Structure formats: structure tokens, C-alpha cells
Amino acid sequence: MQTGGIRLIICTTLAAVTTGSVTPAHAYAQRPVTVQTLGAAHDTAHGATDSAPRKGGKAAPTVAARAAYLFDATTGASLLGKQATKRMPVASLTKVMTAYVVLREAKLDDVVQINAADVRHAATNDATGASLRAGERLTVRDLLHGVMLPSGADASHALARVYGPGDAKFVAKMNTAARSLGLAGTRYANPDGLPKPSGGYSTAQDQAKLAQTALGDPVLLGIASTRRYVVPASKTHRAHTWTNTNKLLGKAPGALGVKTGYTRAAGYCLSFAADRDGHRLIGVILGDSKPDRRFQTATRLLDWGSEQESGGDQSSGDGNDTGNFSDDS
């Protein structure tokens, strides 16, 4: 057992899983989250990690971030939680809900014209953008990639403006969706998670539930899993090339995305998932103080979680090899 106040509990809610080929994505989408609710005790006990390996397995990886949660979406088993139900800002993980709402309001081939306010919103808030310019007209499909891959606040502002219409009505739709999905610890204040005037809040467990829902949508699954998206120049817009900020893609076996985020208030955040040996593992890391450590931690958690569900050592390394996630990789 690790030192430093780490408390281990077993949270296994097993369901029958057919062996053999990997379960298709649509089957994962039909599995509701039935994870055990993590109580207030672990939320306040020195940031302890609630988790446990199966008999003979490895101890859970150390999580330096403020909060984390990992579960098996195939069986519904809760694998690990650290302050998993504590409400805190989640930065651009907010945009997962933005994309979810847009897909229920719009058609992928709808065309949205970018205006000066969309561009100014990203620039004046010192937010990441998709390099959009006023007057460009792009499809909803393209703009959703601009939201999810480079985390474009200009793209999310344009979509909320059109499909709210306006921020206030769009945020109301986001919160209605959160309630319908059972995200009791979540309140959205804007479509992008920026802290001005308020970034709202959520929990690691709620964001993991949302990720499961998002990945159950074939369109969102495809977008979240895309490493690079090219929009060729046309008469209505410039050329754009967007690279996914989630560095697990192409490095962690079976990685599916989902979303990165950062503000000073929220720290470095990550919603992540991977398909391993017929299981879909979904996790969330909130409030890390180092940008690349969230990816390293997620890699360790996925390897460890795969071991728990397979009953053997299925990791891609020895637990110390977390890959090169530096900005120039």
C-alpha cells in the first residue's frame, strides 16, 4: 500500500462481458453509468485516492491533480476516485457539453457565418482559438472540429450565438441537458469554460459520465478521436488545419480523446478514454499544476485500469514509461 494517506477501497460492480472481439461503439453507448457514488469522506480526506487493485494486482497510480475519476463504461465498475464529486472549474472540458447541445440543435451541413464578435471573444479573453476570421462561412461539422480539437473559443462562441440563439439561451440548454443526464454536481455558466464572468463548475465524476454519453454519439466519437482535421480553402472560407490538443491520441493504445482544458482557476484538465481488450475505460483529471503530467497520469491510469478488468498485466510499459508528451512531440 502506498504511503501519504492513500486509502484503498474496492468498488467493483461487475456485469457479464462477452469475450472475444472488441464490443462495437454502439454497444458501449447503451451501457448506463451505474458507478458507485463516492461519498463525502474521500472528498475531504487530504485528497486521498479511493481505489483498489484486484487480488494480487498493482496499487493504483499516484494522482497529483486535485481530482480524478476512472471507471469501466463496459461493466459500470468504478475503479478510482480522488475528490471525484467535489465541485470545481473544468475549463474547456465545458466544450464537450457545447458540442453535445449543438448536435441536438443543428444539422452537420448547416452553414454558420463567423462575425467580429466571435473573433473578438477569443482574442479579448486570451483564449485559444481556431484562427477564424469575420465573414468566413463554415459548416457546423467543421466548427465542431474547431471547438473540440484546438479548443477554439471563437468557434464555440459562433455556435452558441446561432443555436441559443445567444449565450444565455444556449447555456440554459446546456444546463437542461446536464440535468437530463443526471449531472447533479454541474452548472454551466458559458459555452467555453472561461472564467469571465464565471466559468461554472462540475465534478470529475460528472465529466466522466458526460464523456461516456459523448462517445456514444458516433459523430462526437469521430470528432474526439480525430488527431488532425483539414478544411480546404473555398469561396466562403480560408484553409484551416486543426490538431487535437489531446496528446494521448496515437500514443496510448486504444485512445479515443476526449478533451483538454486549462485556465488559471481550473488548472490543467483532461477528459480521456480508451478501448482496451473489450472494455471502454473513461477517466477525468482536474486541476493538475503541470500541463504534460495529466497525460502521463492518464496513461498510467489506463494501463492500471486495464489490468484490473483483465486480471493480468496488460499495460503498455512498466508503469514508469509514460511517453513523451512535450509540446514539440
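For the structure, check the block above.
Residues numbered from 1 in each chain as written. Predicted model: local features only at pLDDT ≥ 70, side-chain atom pairs only at ≥ 80, totals over all residues. Heavy atoms only, no water.

Engineer: Hey, could you go over the packing of helix α3 (residues 94–105) against helix α5 (residues 140–148) for me, with residue numbers and the actual values?
Structural biologist: Orientation of α3 relative to α5, taken along the N-to-C sense of each, is 170°, at an axis distance of 10 Å. Looking at the two axes, α3 sits roughly antiparallel to α5. Facing α3, whose interface residues are Lys95, Val96, Ala99, Val102 and Leu103, α5 presents Val140, Leu144, Val147 and Met148. For the contact of α3 with α5, the per-class residue count stands at 8 nonpolar, no polar and 1 charged. (Axes fitted to C-alpha atoms, helices over the stretch in contact; angles between N-to-C directions. Helix = DSSP H or I, 4+ residues; strand = E, 2+ residues; numbered from the N terminus. Parallel < 35°, antiparallel > 145°, perpendicular 65-115°, else oblique. Contact = heavy atoms within 4.5 Å. Nonpolar A, V, L, I, M, F, W, Y, C, P; charged D, E, K, R; others polar.)

Engineer: I'd like a rundown of the nonpolar core, residues and numbers included.
Structural biologist: Within the largest apolar cluster, 61 residues are counted, with the highest numbers of intra-cluster contacts made by Met97, Leu159 and Leu286. At 7 residues, the largest contribution of residues to this core is made by α3. Residues in contact with Met97, not counting those within four places in the same chain, are Met174, Ala177, Ala178, Leu181, Leu183, Tyr188 and Leu210. (Core = buried A, V, L, I, M, F, W, Y, C linked by side-chain atoms within 4.5 Å. Buried < 20%, exposed > 50% of the residue type's maximum accessible area, 1.4 Å probe, protein only.)

Engineer: Requested: an account of the side chain of Thr226, with residues and values cited.
Structural biologist: Here Thr226 shows up in the loop between α9 (218–224) and β6 (228–231). A residue is classified by how much of its surface remains accessible, and Thr226, at 18% relative accessible area, is buried. A distance of 2.6 Å separates the side chain of Thr226 from the backbone oxygen of Gly222, its partner in a polar contact. Residues in contact with Thr226, not counting those within four places in the same chain, are His145, Leu149, Asn244 and Leu249. (Polar contact = N/O pair within 3.5 Å; in protein donor to acceptor, adjacent residues only side chain to side chain.)

Engineer: Now, about the pattern of salt bridges: what can you tell me, with residues and values included?
Structural biologist: Between side chains of opposite charge, pairing is possible as soon as their charged atoms come close. According to the stated counting rule, one finds 10 salt bridges in the structure shown. Residue Glu136 pairs with Arg238 through a salt bridge whose shortest N-O separation is 3.9 Å. With Glu136 in the loop between α4 (116–124) and β5 (137–139) and Arg238 in the loop between β6 and β7 (240–243), this residue pair connects regions lying 102 residues apart in the sequence. On the basis of relative accessibility, which here comes to 5%, the residue Glu136 falls in the buried class. Measuring nitrogen to oxygen at the nearest pair gives 3.3 Å for the salt bridge that ties Lys247 to Asp292. One end of the pair, Lys247, is in the loop between β7 and β8 (255–263); the other, Asp292, is in the loop between β10 (279–288) and α10 (293–310), and 45 residues separate them in sequence. (Salt bridge = Lys/Arg side-chain N within 4 Å of Asp/Glu carboxyl O.)

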